[in-house]
Amino acid sequence: MGAVKGAAEGSLLGVGAADAGAPLASPAGSGRNSAVTLLQIYVVTLVALPNDIGLPGVPGLNPPTLVALFGLAVWMASVALGLHRPTIRPNPTRLSLLALWLATSLSLVAMQFTSPTADQVAGSTRWLLQLAAWTGVILLAADFISSQAEVHRILRTLTWAGAVMGLVALVQFQFRIDLATYLRYVPGFVEKAAGYTAIGERGGKARVAGTALHPIELGVTAATILPLAIVAALRARGRWWWNWGPVALVAVPLVVSLSRSAVIALTLSFGFLLVCLRPAQRLVALGAAAAGTVATFALAPGALGTLLASFTAAAADSSVQKRQLQAPIVERLVAEHPWFGRGGGTLVPATRYTNIVFNNIYDNQYFGMAIEFGLVGVTVITLGYLLLPPVVALVARGRSADPDLRLLAGALAGTAAVAIPTAYTFDSFAFPKAAGMQALAVGLIGAVWHLVRLERDPNHEVGNARIDGTLDRPDADQLDAP
(Lines give C-alpha, C1' and ligand atoms only; values in the text may rest on other atoms or scores of the structure.)
Protein backbone atom coordinates (compact mmCIF):
# COMPACT_ATOMS: atom_id res chain seq x y z
CA MET A 1 0.00 0.00 0.00
CA GLY A 2 2.84 2.40 0.85
CA ALA A 3 4.45 1.77 -2.53
CA VAL A 4 1.15 2.37 -4.30
CA LYS A 5 0.70 5.63 -2.42
CA GLY A 6 4.23 6.72 -3.35
CA ALA A 7 3.52 6.02 -7.01
CA ALA A 8 0.22 7.88 -6.88
CA GLU A 9 1.92 10.91 -5.40
CA GLY A 10 3.99 11.19 -8.55
CA SER A 11 1.22 11.12 -11.08
CA LEU A 12 0.14 14.74 -11.52
CA LEU A 13 1.06 15.87 -15.05
CA GLY A 14 3.44 12.91 -15.16
CA VAL A 15 6.03 12.42 -12.42
CA GLY A 16 8.18 9.50 -11.53
CA ALA A 17 7.45 7.91 -8.18
CA ALA A 18 11.10 8.30 -7.26
CA ASP A 19 10.68 12.06 -6.88
CA ALA A 20 7.48 12.62 -4.94
CA GLY A 21 8.82 15.94 -3.74
CA ALA A 22 8.59 17.34 -7.27
CA PRO A 23 5.19 16.16 -8.47
CA LEU A 24 5.20 18.09 -11.71
CA ALA A 25 8.21 16.37 -13.21
CA SER A 26 7.85 14.11 -16.21
CA PRO A 27 8.03 10.34 -16.15
CA ALA A 28 10.93 8.00 -16.70
CA GLY A 29 13.60 10.58 -15.94
CA SER A 30 13.03 12.60 -19.09
CA GLY A 31 14.13 15.71 -17.22
CA ARG A 32 11.02 17.73 -18.03
CA ASN A 33 9.23 19.53 -15.23
CA SER A 34 5.89 21.16 -15.97
CA ALA A 35 6.29 23.59 -13.06
CA VAL A 36 9.53 24.83 -14.60
CA THR A 37 7.77 25.26 -17.94
CA LEU A 38 5.03 27.31 -16.25
CA LEU A 39 7.65 29.49 -14.59
CA GLN A 40 9.42 29.98 -17.92
CA ILE A 41 6.16 31.11 -19.51
CA TYR A 42 5.63 33.39 -16.52
CA VAL A 43 8.99 35.16 -16.86
CA VAL A 44 8.52 35.64 -20.61
CA THR A 45 5.09 37.21 -20.19
CA LEU A 46 6.26 39.23 -17.19
CA VAL A 47 9.49 40.68 -18.59
CA ALA A 48 9.36 40.55 -22.39
CA LEU A 49 5.74 41.65 -22.84
CA PRO A 50 4.28 45.04 -21.85
CA ASN A 51 2.14 44.63 -18.74
CA ASP A 52 -0.46 47.23 -19.66
CA ILE A 53 -2.58 44.65 -21.48
CA GLY A 54 -5.34 42.58 -19.93
CA LEU A 55 -8.54 40.68 -20.47
CA PRO A 56 -11.42 42.90 -21.65
CA GLY A 57 -13.51 44.11 -18.73
CA VAL A 58 -11.35 42.38 -16.09
CA PRO A 59 -8.79 44.84 -14.67
CA GLY A 60 -5.55 43.36 -13.38
CA LEU A 61 -5.66 40.08 -15.30
CA ASN A 62 -2.63 40.49 -17.56
CA PRO A 63 -0.77 37.48 -19.08
CA PRO A 64 1.76 36.89 -16.24
CA THR A 65 -0.99 37.13 -13.62
CA LEU A 66 -3.06 34.53 -15.46
CA VAL A 67 -0.09 32.17 -15.76
CA ALA A 68 0.70 32.58 -12.06
CA LEU A 69 -2.92 32.00 -11.04
CA PHE A 70 -2.96 28.83 -13.13
CA GLY A 71 0.20 27.74 -11.32
CA LEU A 72 -1.50 28.34 -7.98
CA ALA A 73 -4.48 26.26 -9.13
CA VAL A 74 -2.12 23.41 -10.10
CA TRP A 75 -0.39 23.55 -6.72
CA MET A 76 -3.70 23.58 -4.84
CA ALA A 77 -5.05 20.68 -6.93
CA SER A 78 -1.89 18.70 -6.19
CA VAL A 79 -2.38 19.18 -2.47
CA ALA A 80 -6.14 18.56 -2.54
CA LEU A 81 -5.75 15.32 -4.48
CA GLY A 82 -2.96 14.10 -2.21
CA LEU A 83 -0.39 14.20 -5.01
CA HIS A 84 1.84 16.68 -3.20
CA ARG A 85 2.43 17.10 0.51
CA PRO A 86 3.96 20.46 1.42
CA THR A 87 5.18 19.05 4.74
CA ILE A 88 7.79 17.05 2.84
CA ARG A 89 9.59 20.28 1.95
CA PRO A 90 9.40 22.67 4.91
CA ASN A 91 10.66 26.04 3.82
CA PRO A 92 11.22 29.35 5.64
CA THR A 93 10.17 31.36 2.59
CA ARG A 94 6.59 30.32 3.37
CA LEU A 95 6.83 32.82 6.21
CA SER A 96 7.05 35.50 3.51
CA LEU A 97 3.69 34.40 2.16
CA LEU A 98 2.31 34.23 5.69
CA ALA A 99 3.40 37.84 6.27
CA LEU A 100 1.62 39.06 3.14
CA TRP A 101 -1.59 37.16 3.80
CA LEU A 102 -1.67 38.03 7.50
CA ALA A 103 -1.26 41.76 6.86
CA THR A 104 -3.85 41.58 4.07
CA SER A 105 -6.38 39.67 6.18
CA LEU A 106 -6.10 42.09 9.10
CA SER A 107 -6.44 45.10 6.80
CA LEU A 108 -9.51 43.68 5.04
CA VAL A 109 -11.18 43.07 8.38
CA ALA A 110 -10.40 46.65 9.37
CA MET A 111 -11.71 47.82 5.99
CA GLN A 112 -15.24 46.79 7.01
CA PHE A 113 -15.23 49.64 9.55
CA THR A 114 -14.24 52.35 7.02
CA SER A 115 -17.30 52.49 4.71
CA PRO A 116 -15.26 51.72 1.57
CA THR A 117 -16.31 53.12 -1.80
CA ALA A 118 -16.96 50.94 -4.86
CA ASP A 119 -13.55 51.92 -6.25
CA GLN A 120 -11.85 50.88 -3.03
CA VAL A 121 -13.63 47.52 -3.01
CA ALA A 122 -12.54 46.97 -6.62
CA GLY A 123 -9.00 47.95 -5.63
CA SER A 124 -8.97 45.41 -2.80
CA THR A 125 -10.15 42.72 -5.25
CA ARG A 126 -7.27 43.55 -7.61
CA TRP A 127 -4.87 43.36 -4.69
CA LEU A 128 -6.13 39.88 -3.76
CA LEU A 129 -5.67 38.71 -7.36
CA GLN A 130 -2.15 40.08 -7.36
CA LEU A 131 -1.37 38.45 -4.04
CA ALA A 132 -2.76 35.11 -5.23
CA ALA A 133 -0.55 35.34 -8.34
CA TRP A 134 2.58 35.98 -6.25
CA THR A 135 1.59 33.04 -4.07
CA GLY A 136 1.39 30.78 -7.11
CA VAL A 137 4.84 31.82 -8.34
CA ILE A 138 6.46 31.35 -4.93
CA LEU A 139 4.86 27.95 -4.25
CA LEU A 140 5.60 26.59 -7.73
CA ALA A 141 9.27 27.51 -7.47
CA ALA A 142 9.83 26.61 -3.82
CA ASP A 143 7.96 23.29 -3.84
CA PHE A 144 8.40 21.84 -7.34
CA ILE A 145 11.94 22.70 -8.47
CA SER A 146 14.17 19.70 -7.80
CA SER A 147 17.61 20.48 -9.28
CA GLN A 148 20.04 23.26 -10.09
CA ALA A 149 19.59 22.47 -13.79
CA GLU A 150 15.91 23.39 -13.50
CA VAL A 151 16.75 26.66 -11.78
CA HIS A 152 19.17 27.50 -14.56
CA ARG A 153 16.57 26.73 -17.22
CA ILE A 154 14.41 29.40 -15.64
CA LEU A 155 17.31 31.82 -15.34
CA ARG A 156 18.28 31.35 -18.97
CA THR A 157 14.73 32.04 -20.07
CA LEU A 158 14.71 35.07 -17.79
CA THR A 159 17.92 36.28 -19.42
CA TRP A 160 16.46 36.13 -22.92
CA ALA A 161 13.24 37.80 -21.76
CA GLY A 162 15.38 40.54 -20.21
CA ALA A 163 17.29 40.82 -23.47
CA VAL A 164 14.04 41.49 -25.34
CA MET A 165 13.18 44.16 -22.77
CA GLY A 166 16.65 45.68 -23.20
CA LEU A 167 16.44 45.63 -27.00
CA VAL A 168 13.10 47.44 -26.95
CA ALA A 169 14.57 50.04 -24.58
CA LEU A 170 17.68 50.48 -26.75
CA VAL A 171 15.60 51.10 -29.90
CA GLN A 172 13.41 53.55 -28.00
CA PHE A 173 16.47 55.42 -26.73
CA GLN A 174 18.49 55.52 -29.96
CA PHE A 175 15.77 55.84 -32.60
CA ARG A 176 12.67 56.95 -30.64
CA ILE A 177 10.75 53.98 -32.05
CA ASP A 178 8.50 52.05 -29.66
CA LEU A 179 8.68 48.33 -30.50
CA ALA A 180 6.59 47.60 -27.42
CA THR A 181 3.55 48.65 -29.44
CA TYR A 182 3.83 45.46 -31.50
CA LEU A 183 4.35 43.26 -28.43
CA ARG A 184 0.91 44.27 -27.17
CA TYR A 185 -0.81 42.35 -29.95
CA VAL A 186 -1.57 39.26 -27.87
CA PRO A 187 -4.77 37.47 -28.99
CA GLY A 188 -7.59 37.89 -26.49
CA PHE A 189 -6.00 40.83 -24.66
CA VAL A 190 -6.56 44.56 -24.97
CA GLU A 191 -4.47 47.55 -24.00
CA LYS A 192 -5.51 49.18 -20.75
CA ALA A 193 -5.64 52.97 -20.42
CA ALA A 194 -2.85 53.23 -17.88
CA GLY A 195 -1.17 56.45 -18.98
CA TYR A 196 1.73 54.54 -20.52
CA THR A 197 4.51 56.77 -21.86
CA ALA A 198 7.22 54.82 -23.66
CA ILE A 199 9.64 57.66 -24.37
CA GLY A 200 10.04 60.63 -22.09
CA GLU A 201 12.84 63.02 -21.22
CA ARG A 202 15.19 63.84 -18.37
CA GLY A 203 17.85 66.51 -18.64
CA GLY A 204 17.38 66.77 -22.40
CA LYS A 205 17.98 63.03 -22.91
CA ALA A 206 15.46 60.41 -23.90
CA ARG A 207 14.24 58.47 -20.86
CA VAL A 208 12.54 55.25 -21.93
CA ALA A 209 10.35 52.58 -20.34
CA GLY A 210 11.05 49.61 -22.64
CA THR A 211 8.33 47.04 -22.00
CA ALA A 212 7.75 48.38 -18.48
CA LEU A 213 5.15 50.87 -17.32
CA HIS A 214 7.74 53.43 -16.22
CA PRO A 215 11.50 54.01 -16.61
CA ILE A 216 11.98 53.39 -12.88
CA GLU A 217 10.39 49.97 -13.18
CA LEU A 218 12.50 49.25 -16.27
CA GLY A 219 15.77 50.08 -14.53
CA VAL A 220 14.99 48.28 -11.29
CA THR A 221 13.82 45.16 -13.15
CA ALA A 222 17.03 45.09 -15.17
CA ALA A 223 19.08 45.43 -11.98
CA THR A 224 17.30 42.43 -10.44
CA ILE A 225 17.74 40.29 -13.57
CA LEU A 226 21.40 41.14 -14.28
CA PRO A 227 23.11 39.09 -11.50
CA LEU A 228 20.92 36.09 -12.29
CA ALA A 229 21.71 36.45 -16.00
CA ILE A 230 25.43 36.50 -15.21
CA VAL A 231 25.11 33.33 -13.10
CA ALA A 232 23.21 31.62 -15.93
CA ALA A 233 25.84 32.68 -18.49
CA LEU A 234 28.68 31.40 -16.33
CA ARG A 235 27.10 27.96 -16.35
CA ALA A 236 25.87 27.94 -19.96
CA ARG A 237 27.65 26.05 -22.70
CA GLY A 238 28.17 27.11 -26.28
CA ARG A 239 29.64 30.13 -27.98
CA TRP A 240 30.46 33.08 -25.79
CA TRP A 241 28.47 35.59 -27.82
CA TRP A 242 25.34 33.45 -27.51
CA ASN A 243 25.75 33.26 -23.75
CA TRP A 244 26.86 36.82 -23.01
CA GLY A 245 25.10 38.80 -25.74
CA PRO A 246 21.73 38.64 -23.93
CA VAL A 247 23.44 39.66 -20.69
CA ALA A 248 24.72 42.83 -22.38
CA LEU A 249 21.19 43.65 -23.55
CA VAL A 250 19.86 43.08 -20.02
CA ALA A 251 22.27 45.78 -18.82
CA VAL A 252 21.09 48.38 -21.38
CA PRO A 253 18.07 49.61 -19.36
CA LEU A 254 20.34 50.47 -16.45
CA VAL A 255 21.56 53.43 -18.51
CA VAL A 256 18.66 54.36 -20.80
CA SER A 257 16.08 54.42 -18.00
CA LEU A 258 18.02 57.35 -16.43
CA SER A 259 16.76 56.18 -13.05
CA ARG A 260 18.30 56.80 -9.63
CA SER A 261 16.42 53.77 -8.35
CA ALA A 262 18.13 51.61 -10.98
CA VAL A 263 21.56 52.75 -9.80
CA ILE A 264 20.69 51.95 -6.19
CA ALA A 265 19.29 48.56 -7.19
CA LEU A 266 22.34 47.73 -9.33
CA THR A 267 24.75 48.73 -6.55
CA LEU A 268 23.05 46.28 -4.22
CA SER A 269 22.43 43.35 -6.58
CA PHE A 270 25.78 43.53 -8.38
CA GLY A 271 27.57 44.14 -5.07
CA PHE A 272 26.18 40.89 -3.64
CA LEU A 273 27.26 39.04 -6.78
CA LEU A 274 30.79 40.46 -6.72
CA VAL A 275 31.31 39.27 -3.15
CA CYS A 276 30.18 35.76 -4.10
CA LEU A 277 32.32 35.42 -7.24
CA ARG A 278 35.72 33.78 -7.22
CA PRO A 279 38.64 36.28 -7.30
CA ALA A 280 39.38 35.73 -11.00
CA GLN A 281 35.69 36.06 -11.89
CA ARG A 282 35.47 39.19 -9.76
CA LEU A 283 38.27 40.85 -11.74
CA VAL A 284 36.56 39.95 -15.02
CA ALA A 285 33.24 41.31 -13.74
CA LEU A 286 34.85 44.59 -12.70
CA GLY A 287 36.58 44.82 -16.09
CA ALA A 288 33.28 44.19 -17.86
CA ALA A 289 31.63 46.91 -15.78
CA ALA A 290 34.39 49.36 -16.75
CA ALA A 291 34.05 48.39 -20.42
CA GLY A 292 30.29 48.89 -20.19
CA THR A 293 30.83 52.37 -18.80
CA VAL A 294 33.16 53.26 -21.68
CA ALA A 295 30.66 51.86 -24.18
CA THR A 296 27.94 54.00 -22.62
CA PHE A 297 30.03 57.13 -23.12
CA ALA A 298 30.52 56.19 -26.77
CA LEU A 299 27.00 55.04 -27.66
CA ALA A 300 24.95 57.32 -25.43
CA PRO A 301 26.97 60.49 -24.81
CA GLY A 302 25.63 62.54 -21.96
CA ALA A 303 23.49 59.76 -20.48
CA LEU A 304 25.80 59.11 -17.53
CA GLY A 305 26.15 62.84 -16.91
CA THR A 306 22.37 63.23 -16.85
CA LEU A 307 22.11 60.31 -14.44
CA LEU A 308 24.81 61.75 -12.18
CA ALA A 309 23.12 65.14 -12.24
CA SER A 310 19.87 63.53 -11.05
CA PHE A 311 21.72 62.57 -7.85
CA THR A 312 23.69 65.77 -7.30
CA ALA A 313 20.68 68.02 -7.94
CA ALA A 314 18.22 65.81 -6.06
CA ALA A 315 17.17 68.57 -3.67
CA ALA A 316 15.77 70.59 -6.58
CA ASP A 317 14.21 67.57 -8.30
CA SER A 318 10.42 67.70 -8.53
CA SER A 319 10.02 64.04 -7.55
CA VAL A 320 12.10 64.54 -4.41
CA GLN A 321 10.12 67.65 -3.52
CA LYS A 322 6.93 65.67 -4.05
CA ARG A 323 8.07 63.05 -1.54
CA GLN A 324 8.77 65.76 1.01
CA LEU A 325 5.28 67.19 0.52
CA GLN A 326 3.75 63.75 0.89
CA ALA A 327 5.12 63.04 4.37
CA PRO A 328 2.60 65.11 6.40
CA ILE A 329 -0.27 63.82 4.21
CA VAL A 330 0.81 60.24 4.85
CA GLU A 331 1.04 60.91 8.58
CA ARG A 332 -2.51 62.21 8.56
CA LEU A 333 -3.86 59.23 6.61
CA VAL A 334 -2.05 56.68 8.78
CA ALA A 335 -3.38 58.38 11.92
CA GLU A 336 -6.95 57.73 10.74
CA HIS A 337 -6.42 53.92 10.84
CA PRO A 338 -3.05 53.47 12.50
CA TRP A 339 -2.88 49.77 13.37
CA PHE A 340 -4.34 47.70 10.54
CA GLY A 341 -4.93 50.31 7.83
CA ARG A 342 -7.90 50.83 5.56
CA GLY A 343 -7.49 47.69 3.38
CA GLY A 344 -5.02 46.32 0.88
CA GLY A 345 -5.45 47.85 -2.56
CA THR A 346 -7.78 50.63 -1.38
CA LEU A 347 -5.36 53.48 -2.08
CA VAL A 348 -6.86 54.24 -5.47
CA PRO A 349 -6.43 57.35 -7.66
CA ALA A 350 -8.64 60.37 -7.17
CA THR A 351 -9.85 59.26 -3.75
CA ARG A 352 -10.69 62.04 -1.31
CA TYR A 353 -8.93 61.72 2.01
CA THR A 354 -9.80 64.24 4.74
CA ASN A 355 -9.95 67.55 2.85
CA ILE A 356 -7.33 66.71 0.24
CA VAL A 357 -7.86 65.20 -3.21
CA PHE A 358 -4.71 63.18 -3.69
CA ASN A 359 -3.98 61.07 -6.78
CA ASN A 360 -2.34 58.15 -5.04
CA ILE A 361 0.81 58.03 -2.89
CA TYR A 362 3.46 57.46 -5.52
CA ASP A 363 7.19 56.88 -5.23
CA ASN A 364 7.19 55.18 -1.83
CA GLN A 365 5.82 51.70 -1.20
CA TYR A 366 6.33 52.04 2.56
CA PHE A 367 3.98 55.03 2.56
CA GLY A 368 1.38 53.03 0.68
CA MET A 369 1.72 50.00 2.97
CA ALA A 370 1.43 52.14 6.09
CA ILE A 371 -1.84 53.60 4.81
CA GLU A 372 -3.34 50.36 3.48
CA PHE A 373 -2.05 47.88 6.09
CA GLY A 374 -1.34 50.11 9.08
CA LEU A 375 1.73 50.10 11.28
CA VAL A 376 1.28 46.41 12.11
CA GLY A 377 0.96 45.44 8.46
CA VAL A 378 3.88 47.48 7.16
CA THR A 379 6.10 45.99 9.88
CA VAL A 380 5.02 42.43 9.16
CA ILE A 381 5.45 42.77 5.37
CA THR A 382 8.79 44.55 5.66
CA LEU A 383 10.24 41.92 8.00
CA GLY A 384 8.63 38.86 6.43
CA TYR A 385 8.51 39.63 2.71
CA LEU A 386 11.32 42.13 2.11
CA LEU A 387 13.97 41.31 4.73
CA LEU A 388 13.54 37.57 5.35
CA PRO A 389 14.18 36.18 1.81
CA PRO A 390 17.72 37.59 1.36
CA VAL A 391 18.58 36.40 4.87
CA VAL A 392 17.32 32.91 4.01
CA ALA A 393 19.41 32.95 0.81
CA LEU A 394 22.55 33.93 2.72
CA VAL A 395 21.94 31.24 5.34
CA ALA A 396 21.48 28.67 2.56
CA ARG A 397 24.71 29.87 0.96
CA GLY A 398 26.57 29.44 4.23
CA ARG A 399 25.29 25.87 4.63
CA SER A 400 26.24 24.70 1.14
CA ALA A 401 29.57 23.26 0.09
CA ASP A 402 28.68 23.37 -3.63
CA PRO A 403 30.36 26.45 -5.22
CA ASP A 404 27.70 26.71 -7.95
CA LEU A 405 24.88 26.57 -5.42
CA ARG A 406 26.64 29.10 -3.20
CA LEU A 407 26.98 31.51 -6.12
CA LEU A 408 23.33 31.06 -7.05
CA ALA A 409 22.21 31.68 -3.47
CA GLY A 410 24.33 34.82 -3.25
CA ALA A 411 22.97 36.21 -6.51
CA LEU A 412 19.39 35.55 -5.38
CA ALA A 413 20.11 37.26 -2.06
CA GLY A 414 21.15 40.39 -3.96
CA THR A 415 18.15 40.20 -6.27
CA ALA A 416 15.72 39.90 -3.36
CA ALA A 417 17.49 42.61 -1.33
CA VAL A 418 16.84 45.16 -4.10
CA ALA A 419 13.22 45.39 -2.94
CA ILE A 420 14.26 46.86 0.43
CA PRO A 421 15.62 50.27 -0.73
CA THR A 422 13.57 50.54 -3.93
CA ALA A 423 10.32 50.19 -1.97
CA TYR A 424 11.33 53.60 -0.59
CA THR A 425 12.13 55.15 -3.98
CA PHE A 426 8.92 54.11 -5.80
CA ASP A 427 5.66 52.25 -5.17
CA SER A 428 7.11 48.93 -6.29
CA PHE A 429 4.06 46.74 -5.59
CA ALA A 430 2.06 48.74 -8.13
CA PHE A 431 4.41 47.82 -10.99
CA PRO A 432 3.99 44.26 -12.33
CA LYS A 433 7.57 43.64 -13.42
CA ALA A 434 9.22 44.83 -10.20
CA ALA A 435 6.68 43.10 -7.96
CA GLY A 436 6.66 39.91 -10.05
CA MET A 437 10.45 39.67 -9.99
CA GLN A 438 10.41 39.90 -6.20
CA ALA A 439 7.94 37.00 -6.05
CA LEU A 440 10.12 34.96 -8.42
CA ALA A 441 13.21 35.68 -6.33
CA VAL A 442 11.45 34.56 -3.14
CA GLY A 443 10.30 31.35 -4.82
CA LEU A 444 13.76 30.56 -6.21
CA ILE A 445 15.29 31.21 -2.80
CA GLY A 446 12.86 28.61 -1.46
CA ALA A 447 14.06 26.21 -4.17
CA VAL A 448 17.70 26.86 -3.27
CA TRP A 449 16.93 26.25 0.39
CA HIS A 450 15.52 22.85 -0.58
CA LEU A 451 18.52 22.05 -2.82
CA VAL A 452 20.94 22.88 -0.01
CA ARG A 453 18.99 20.68 2.35
CA LEU A 454 19.01 17.89 -0.23
CA GLU A 455 22.76 18.34 -0.56
CA ARG A 456 23.20 17.88 3.18
CA ASP A 457 20.61 15.10 3.55
CA PRO A 458 19.84 13.33 0.25
CA ASN A 459 17.05 11.25 1.85
CA HIS A 460 14.95 14.07 3.23
CA GLU A 461 12.77 14.55 0.14
CA VAL A 462 11.53 10.98 -0.22
CA GLY A 463 9.79 11.10 3.12
CA ASN A 464 11.60 9.64 6.12
CA ALA A 465 10.57 9.46 9.74
CA ARG A 466 12.30 12.74 10.60
CA ILE A 467 10.25 14.65 8.02
CA ASP A 468 6.76 13.20 7.83
CA GLY A 469 6.98 9.90 9.68
CA THR A 470 5.00 7.93 7.10
CA LEU A 471 7.01 6.65 4.14
CA ASP A 472 9.79 4.07 4.24
CA ARG A 473 8.71 2.81 7.66
CA PRO A 474 8.00 -0.83 8.54
CA ASP A 475 4.42 0.05 9.51
CA ALA A 476 3.74 2.13 6.37
CA ASP A 477 0.95 -0.21 5.25
CA GLN A 478 -0.88 0.28 8.54
CA LEU A 479 -0.37 4.02 8.40
CA ASP A 480 -1.85 4.13 4.90
CA ALA A 481 -4.93 2.20 5.91
CA PRO A 482 -8.18 4.11 6.54
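Residues numbered from 1 in each chain as written. Predicted model: local features only at pLDDT ≥ 70, side-chain atom pairs only at ≥ 80, totals over all residues. Heavy atoms only, no water.

**A few points about the overall build of the chain**
Point 1. Tallying secondary structure elements over the chain gives 19 helices and six strands in all.
Point 2. The 482 residues of the chain split such that 56% are buried.
Point 3. In the chain, the share of contacts with a sequence separation of at least 24, taken over all contacts with a separation of at least 6, comes to 75%.
Point 4. For the chain, the computed accessible surface area is about 19900 Å², with 68% contributed by carbon and sulfur atoms. (Helix = DSSP H or I, 4+ residues; strand = E, 2+ residues; numbered from the N terminus. Buried < 20%, exposed > 50% of the residue type's maximum accessible area, 1.4 Å probe, protein only. Contact = heavy atoms within 4.5 Å. Areas by Shrake-Rupley, 256 points an atom, 1.4 Å probe, with all protein chains shown as cover.)

**Details of the packing of helix α3 (residues 63–80) against helix α5 (residues 118–144)**
The description of two packed helices rests on the angle between their axes and on the distance between the axes.
Point 1. For the pair α3 and α5, interaxial distance at closest approach is 7 Å and the crossing angle is 60°. Overall, the two elements α3 and α5 adopt an arrangement that is oblique. Considering how the two elements wind past one another, α3 and α5 form a crossing that is left-handed. Across the interface between the two elements, T65, A68, L69, G71, L72, W75 and S78 of α3 pack against L129, A132, A133, T135, G136, V137, L139, L140, D143 and F144 of α5.
Point 2. Of the residues that constitute the contact of α3 with α5, the class distribution is eleven nonpolar, five polar and one charged. (Axes fitted to C-alpha atoms, helices over the stretch in contact; angles between N-to-C directions. Parallel < 35°, antiparallel > 145°, perpendicular 65-115°, else oblique. Left-handed = near helix turned anticlockwise from the far one by under 90°. Nonpolar A, V, L, I, M, F, W, Y, C, P; charged D, E, K, R; others polar.)

**Section: the confidence of the model for the chain**
Point 1. Looking at the chain as a whole, its pLDDT mean stands at 83, while 78% of the residues score no less than 70.
Point 2. Across residues 350–360, where pLDDT falls below 50, the model places 23 contacts with residues more than four positions away in sequence or in other chains. (pLDDT = per-residue confidence, 0-100.)

**Quick word on unusual backbone geometry**
Leave glycine aside and you will find that most residues have negative phi; peptide bonds, for their part, are mostly trans.
Point 1. Phi at R176 takes a positive value of approximately 55°, unusual for a residue other than glycine.
Point 2. Its location among the elements puts R176 in the loop between α6 (148–175) and α7 (180–183).
Point 3. Classification of R176 by relative accessible area gives partly exposed; the value is 45%.
Point 4. At L258, a residue that is not glycine, the phi angle is positive and equals roughly 50°.
Point 5. Structurally, the position occupied by L258 is in the loop between α10 (253–256) and α11 (260–276).

**With respect to the packing of helix α2 (residues 34–48) against helix α18 (residues 432–456)**
Point 1. Between α2 and α18, the shortest axis-to-axis distance is 9 Å and the interhelical angle comes to 150°. Here α2 lies roughly antiparallel to α18, going by the angle between them. Two packed elements cross with a definite hand, and for α2 against α18 that hand is left-handed. Only P432, K433, G436, M437 and L440 of α18 make contact with α2, whose side of the interface consists of Y42, V43, L46 and V47.
Point 2. For the contact of α2 with α18, a count of residues per class yields seven nonpolar, one polar and one charged.

**Notes on the pattern of salt bridges**
Point 1. Here the structure, examined in full by the defined rule, presents three salt bridges.
Point 2. Here R184 ties to D52 by a salt bridge, and the two come within 3.0 Å at their closest N and O atoms. Taken together, the positions of R184 in the loop between α7 and β2 (190–191) and D52 in the loop between α2 and β1 (53–54) put the pair 132 residues apart, joining distant regions of the chain. Of the two residues, R184 and D52, both sit in the buried class.
Point 3. Across the pair R342 and E336 runs a salt bridge whose closest N-O atoms are separated by 2.8 Å.
Point 4. Judged by relative accessible area, R342 falls into the buried class, the value being 7%. (Salt bridge = Lys/Arg side-chain N within 4 Å of Asp/Glu carboxyl O.)

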